[in-house]
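Analysis of the macromolecular model
Residues per chain are reported as follows:
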Amino acid sequence: MALIVHKYGGTSMGSVERIKNVARRVAKWHAAGHQIVVVPSAMSGETNRLIGLAKEIQEQPDPRELDMIASTGEQVSVGLLAMALKSLGLDARSYTGWQVPVRTDASYTKARIASIDDTRIRGDLDQGRVVIVAGFQGIDDDNNITTLGRGGSDTSAVAVAAALKASECLIYTDVDGVYTTDPRVVPEARRLRVVSFEEMLEMASLGSKILQIRSVEFAGKYRVPTRVLSSLTDPLMPLDEEMQSGTLITFEEDEKMESAVVSGIAFSRDEAKVTVLAVPDKPGIAYSILGPIAAANIDVDVIVQNQSVAGTTDFSFTVHRNEFQKTIDVLNRDVVTQVGAREVVADPKVAKVSIVGIGMRSHVGVASLMFKTLSEEGINIQMISTSEIKTSVIMDDKYMELAVRALHKAFGLDQTQA
């Protein structure tokens, strides 16, 4: 008997019938003798509806109250799923994040999990119950409800699996695994049977929407075996078949994985580029610019500082498009005059395209082929960022899909058998 954590996304919980299908699937695993903890998201579209209501009241909703509102979607989901399981004759019990409790910091709308008390969950499992824990939410040290940000239920599930030392965390989504890139952009994209933790971490950080990056970080830190698979299959499909489906995020690198130079193409449309012009080229200037940005809780991605000319330089970086105006405001208020910069210029319509693969460690010329491919398509590269297993470029967002298709073909991903 194994302890397994199931996570179901909003699409999987999108209707009463789909919730009943989730219950049937969970019941199948329970009947096989496994201890099951389920972490569901809110029903599809519900969180957006709740946030929309908040914005009708306040154009910029108070973060604490927004978390109070947004967290209720998951509370509905766990209650409905518990009822569906009870209707199948199973003993099930649902909990919100604060009832467990899932302890977080106080960063409303994007809180981070600090600890999980597994006492109540283990007590119920020992009595043969299926336990359902609301994803996406927790409670801070002052007992305020917090939420974990978009995709936060993935993080909740992996964190629960880590706390319980679960045998595996199964992330059920509306796709059947991790692909070489988004099949909606490249129809020839292929599903990967396995992907390394490092590759998945890069893909998540670079724009792949399959898993939230913090869920992958948790999986890596606590070595939680994690599988991405579809919830839209027959809930009564044979258990052995289901256990081998989807994509396994693995911590073991084998020769077959190494042979694929590039495993996937990740991309993000949600980028904005900001440049502070003519800043003094002196020690500490990067901190003088990025310190106030960090203090405003804004995440910075790609950073480039140009060659110094006549004692000044241009400093460019990218942020999420949703934080573009906030970034501009912080720079104009707290940076430009203070550091003696000339002005801030920005472009809110850029995209990031990245190639990822652990095979890049042992192969030369990978970045060169990427740049050659983009050049042949007439795509200008504005910024470049590299690590041991990825290369990312910033470009005008109108070229993003063309770039993804060209790179997918150039690296033979439409032919790779994963």
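Report on the accompanying structure. (Residues numbered from 1 in each chain as written. Predicted model: local features only at pLDDT ≥ 70, side-chain atom pairs only at ≥ 80, totals over all residues. Heavy atoms only, no water.)

Some words on the pairing of strand β9 (residues 168-173)
Across the 6 residues of β9, 6 count as buried, placing the element largely inside the fold. Side chains of β9 alternate between two faces, with Glu168, Leu170 and Tyr172 and Cys169, Ile171 and Thr173 buried alike. Here strand β1 (residues 3-8) runs beside β9; their pairing, made up of 5 bridges, is parallel. Bridge assignment links Lys7 to a residue of β9, and that residue is Ile171. With 5 bridges joining them, β9 and strand β11 (residues 226-230) adopt parallel strand pairing. Residue pairing for β11: Cys169 is matched across the bridge by Thr226. (Buried < 20%, exposed > 50% of the residue type's maximum accessible area, 1.4 Å probe, protein only. Helix = DSSP H or I, 4+ residues; strand = E, 2+ residues; numbered from the N terminus. Pairing = 2+ DSSP bridges.)

Points about the sheet that holds strand β14 (residues 300-305)
Neighbouring strands of a sheet are bound in pairs by backbone hydrogen bonds; such pairs are parallel or else antiparallel. Spatially, 6 strands are ordered β14-β15-β13-β16-β18-β17 in an open sheet, and the strand pairing comes out antiparallel. With partners counted over all chains shown, the strands left at the sheet margins are β14 and β17 (383-387), one partner each. This sheet shows a mean twist of 30° between the axes of neighbouring strands, independent of strand direction. In this fold helix α15 (residues 400-410) packs onto β13 (264-280), β16 (343-356) and β18 (390-396), with an angle of close to 125° to the strand it touches most, β13. (Axes fitted to C-alpha atoms, helices over the stretch in contact; angles between N-to-C directions. Contact = heavy atoms within 4.5 Å.)

Some remarks on the pattern of salt bridges
As a working rule, side chains carrying opposite charge can pair if their charged atoms are close by. Per the counting criterion, the structure on display carries 21 salt bridges. Salt-bridge contacts for Glu46 lead to Arg49; the nearest nitrogen and oxygen are separated by 2.9 Å. Here Arg49 and Glu46 lie together in helix α2 (residues 46-57), a separation of 3 residues that amounts to about one turn. Accessibility expressed as a relative area gives 22% for Glu46, which makes it partly exposed. Judged by its relative accessible area of 44%, Arg49 is partly exposed. Across the salt bridge formed by Asp124 and Arg129, the nearest N and O atoms sit 2.6 Å from each other. Of the two residues, Asp124 and Arg129, both sit in the buried class. Counted as one network, the salt bridges with shared partners bring together Asp91, Arg93, Asp124 and Arg129. (Salt bridge = Lys/Arg side-chain N within 4 Å of Asp/Glu carboxyl O.)

Notes on the sheet that holds strand β10 (residues 194-196)
Pairing is mixed in the open sheet, where 8 strands are placed in the order β3-β6-β2-β1-β9-β11-β12-β10. In this open sheet, the two strands that pair with only one neighbour each are β3 (92-95) and β10. Strand-to-strand twist in this sheet, taken as the mean axis angle between neighbours without regard to direction, amounts to 20°. Where β11 meets strand β12 (residues 247-250), 3 bridges bridge the pair, whose relative direction is antiparallel. Considered in β12, the bridge of Val228 is made with Thr247. Contacting β1, β2 (35-40), β3 and β6 (130-133), helix α5 (residues 119-126) runs over the sheet at an angle of about 135° to β2.

What about the pairing of β2?
Most of β2 sits inside the fold, with 6 of its 6 residues counted as buried. Residues Gln35, Val37 and Val39 line one face of β2 and the alternating positions Ile36, Val38 and Pro40 line the opposite face, and both faces are buried. Of the strand pairs in this sheet, β2 and β6 are connected by 2 bridges, and their pairing is parallel. Residue pairing for β6: Val37 is matched across the bridge by Val131.

Considerations on the packing of helix α3 (residues 63-70) against helix α4 (residues 72-87)
Where α3 meets α4, the closest approach of the two axes is 5 Å, and the angle between their N-to-C directions is 20°. If you check the angle between α3 and α4, you find them roughly parallel. Together, Met68, Ile69 and Ala70 of α3 and Thr72, Gly73 and Glu74 of α4 make up the contact between the two elements. Here the contact of α3 with α4 is composed, by residue class, of 3 nonpolar, 2 polar and 1 charged. (Parallel < 35°, antiparallel > 145°, perpendicular 65-115°, else oblique. Nonpolar A, V, L, I, M, F, W, Y, C, P; charged D, E, K, R; others polar.)

So, the side chain of Ser316
Position of Ser316 relative to the elements: it lies in strand β15 (residues 312-320). Within the structure, Ser316 has its side chain in polar contact with the side chain of Thr275 (distance 2.8 Å). (Polar contact = N/O pair within 3.5 Å; in protein donor to acceptor, adjacent residues only side chain to side chain.)

Quick notes on the environment of Ile4
Its place among the elements puts Ile4 in strand β1. C-alpha of Ile4 to C-alpha of Trp29: the two residues are 25 residues apart in sequence and 8.8 Å apart in space. Excluding residues that lie within four positions of it along the chain, Ile4 makes contacts with Trp29, His34, Gln35, Ile36, Val37, Ser167, Glu168 and Leu170.

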